[in-house]
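So you can see what is in the structure, the chains are spelled out below.
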Amino acid sequence: MRGMVKAHTEQKRDALSRNRSRAKAMRHEPVVTEKLFWSIARNCQLDGLKFKRQVPVGPFIADFLCAEHRLIVELDGPFHSAARDSNRDAYLSERGYRVLRFTNKETASDIATVRAIILNELRARPPHPTLSPNGGEG
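Remember, predicted model here, so these are calculated numbers, not experimental data.

Parameters at a glance
- Residues numbered from 1 in each chain as written.
- Predicted model: local features only at pLDDT ≥ 70, side-chain atom pairs only at ≥ 80, totals over all residues.
- Heavy atoms only, no water.
- Helix = DSSP H or I, 4+ residues; strand = E, 2+ residues; numbered from the N terminus.
- Expected span 1.5 Å × (residues − 1).
- Buried < 20%, exposed > 50% of the residue type's maximum accessible area, 1.4 Å probe, protein only.
- Arc of directions from axis to C-beta.
- Contact = heavy atoms within 4.5 Å.
- Salt bridge = Lys/Arg side-chain N within 4 Å of Asp/Glu carboxyl O.

A. Structural context of helix α5 (residues 111-124). Its 14 residues place the ends of α5 20 Å apart at the C-alpha level, agreeing with the 20 Å of an ideal helix rising 1.5 Å per residue. Inspection of α5 places Val-114, Ile-118, Leu-119 and Leu-122 among the buried residues, and these make up the whole buried set. Here the buried residues of α5 occupy an arc of 130° about the axis, which is enough to place them on one side. α5 presents Ala-112, Asn-120, Arg-123 and Ala-124 as exposed residues on the side facing more than 90 degrees away from its buried surface. In this structure, the buried side of α5 is in contact with α2 (32-41), β2 (60-66), β3 (71-76), β4 (98-103) and α4 (104-109).

See the structure below:
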């Protein structure tokens, strides 16, 4: 039993490491719409909120994440699968994340509307409560 647990833990660590490496590579090679969105989200330009790009969340990589509001913004290209996205969104939702999806076409043709939708979502819900540095204890 102990060997099985160790093997499972090592597999999980390897998968997380691959995910982190993949996210790092994706940050260095963004697609055009990711560059466009990042131009309006970086440096706290969306209502002073901090977004990060290509962030590992469990077995997935979120395109853009505002941790304070537990909001993920996904920019979907032509190869997205509705079924796969649905499973991914369910996983993220179970962990307290909200996911907003926009197609690359929507983002490229009307970034102002994409920005307005995100701001409305952020303003509609307060930030996610965070734990104190000592884990919420004393």
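B. Spotlight on the environment of Arg-98. Along the chain, the position of Arg-98 falls in strand β4. Separated by 23 residues in the primary sequence, Arg-98 and Glu-121 have C-alpha atoms spaced 9.4 Å apart. Excluding residues within four positions of it along the chain, Arg-98 makes contact with His-69, Arg-70, Leu-71, Ile-72, Glu-121 and Arg-125.

C. Quick look at the environment of Val-73. The residue Val-73 is located in strand β3 in this model. Owing to a relative accessible area of 0%, Val-73 belongs among the buried residues under this scheme. For the pair formed by Val-73 and Val-99, sequence separation is 26 residues and the distance between their alpha carbons is 5.9 Å. Among residues more than four places away in sequence, those in contact with Val-73 are Phe-37, Phe-51, Asp-63, Phe-64, Leu-100, Phe-102 and Ile-118.

D. Region of the structure containing the pattern of salt bridges. For the structure shown, the criterion picks out 7 salt bridges. Close ionic contact of Arg-123 with Asp-47 constitutes a salt bridge, the shortest N to O distance being 2.9 Å. Taken together, the positions of Arg-123 in helix α5 and Asp-47 in the loop between α2 and β1 (52-57) put the pair 76 residues apart, joining distant regions of the chain. The exposure class of Arg-123 is exposed, given its relative accessible area of 54%. Where Glu-94 meets Arg-95, a salt bridge forms, and the shortest distance between an N and an O atom there is 3.4 Å. Residue classification places Glu-94 among the exposed residues on the basis of a relative accessible area of 65%. Counted as one network, the salt bridges with shared partners bring together Asp-76, Asp-85, Asp-89 and Arg-101.

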